[in-house]
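# Inside the fold
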Amino acid sequence: MRKLGLLVALFFAFFGAVRTAEAVTVSVNLSSQTMHVTSRAGESYTWAISSGRAGFNTPRGYYKPTMLKRMHYSRKYHMSPMPHSIFFRGGYAIHGTGEVGRLGRPASHGCIRLAPGNAAKLFAMVQKEGARISITGSPGGNTMIAKAKH
């Protein structure tokens, strides 16, 4: 019976590792306001993002998508459109935005915003392969700190 249990554990460990290796890797750097995406097929992209502006944090950590919606409207923020939404923690999502001029700096209510074409491409990749999402850094990472007077 022990051998059977060991074989079952090894089976799930192996196939769990294979599934993880198939996932799209999404690495968000809040300090540089960029996202680096790598697919199992070897596709690699680096895109400008907008994360949470002052007073609106973007959560840091490691996540898996919890829900994908081709078009979502935010009930919390005046039915704002959120095309190609990849939800990863509660109401937080990676999604497209029409405000592409604000990409590259914090400008959202906490979500991670992308250019519409990039959001559509990422959505299709995640729909096909799944994803592992890591969010690191700080949007104030490039801010200079004043020195104290002597």
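Everything discussed here concerns the structure shown above.
In what follows, the accompanying structure is described. (Residues numbered from 1 in each chain as written. Predicted model: local features only at pLDDT ≥ 70, side-chain atom pairs only at ≥ 80, totals over all residues. Heavy atoms only, no water.)

Attention now moves to unusual backbone geometry. We note that Gln-33 has phi near 55°; this positive angle belongs to a residue other than glycine. Along the chain, Gln-33 falls in the loop between β1 (24–29) and β2 (34–38). Positive phi values are uncommon outside glycine, yet His-84 reaches one of about 55°. With respect to the helices and strands, the residue His-84 is situated in strand β6 (residues 80–89). Among the residues examined, His-84 registers a relative accessible area of 19% and is labelled buried. (Helix = DSSP H or I, 4+ residues; strand = E, 2+ residues; numbered from the N terminus. Buried < 20%, exposed > 50% of the residue type's maximum accessible area, 1.4 Å probe, protein only.)

The next subject is the pattern of salt bridges. As enumerated under the stated definition, the model contains two salt bridges in all. In this structure, Arg-102 engages Glu-99 in a salt bridge whose closest nitrogen and oxygen atoms are separated by 2.9 Å. For Arg-102, a relative accessible area of 33% translates into the label partly exposed. For Glu-99, a relative accessible area of 37% translates into the label partly exposed. (Salt bridge = Lys/Arg side-chain N within 4 Å of Asp/Glu carboxyl O.)

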